[in-house]
Amino acid sequence: MAKKSDYFGLDYIVSLILAIIPVTALVCGFITRLMDGKIVAAILRILFGWNIVWILDLICMIFSKHIFRILPV
């Protein structure tokens, strides 16, 4: 069985495909942070998610199988 990843507990390959597409990475990252109960991190993800956070998400998803945590609190 494939290892589960950050986006809603989906398989790693599915999460990686979602992370590659900028719009889905933004929406899925926002919803994931809201589900974690991190409202400030979700708002920061919306504000900065179109540029550097998307690239950091993609890099982190490839190497660590988790999205980039803006506020790791």
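In this text the structure is predicted, and so the values were computed from the model without any measurement.

Cut-offs used in this document
Residues numbered from 1 in each chain as written. Predicted model: local features only at pLDDT ≥ 70, side-chain atom pairs only at ≥ 80, totals over all residues. Heavy atoms only, no water. Helix = DSSP H or I, 4+ residues; strand = E, 2+ residues; numbered from the N terminus. Buried < 20%, exposed > 50% of the residue type's maximum accessible area, 1.4 Å probe, protein only. Contact = heavy atoms within 4.5 Å.

**Student:** Would you take a moment to explain the side chain of Arg33 for this structure?
**Tutor:** Tracing the backbone shows Arg33 in helix 2 (residues 22-35). Overall, the relative accessible area of 3% leaves Arg33 in the buried class. Each residue touching Arg33, except ones within four places of it in the same chain, is listed here: Lys38, Ala41, Ala42, Arg45, Ile67, Arg69 and Leu71.

**Student:** What am I meant to see in the side chain of Thr32 here?
**Tutor:** The topology assignment puts Thr32 in helix 2. Note on Thr32: relative accessible area 5%, which makes it buried. The residues contacting Thr32, other than those within four sequence positions of it, are Asp6, Tyr7, Phe8, Ile67 and Arg69.

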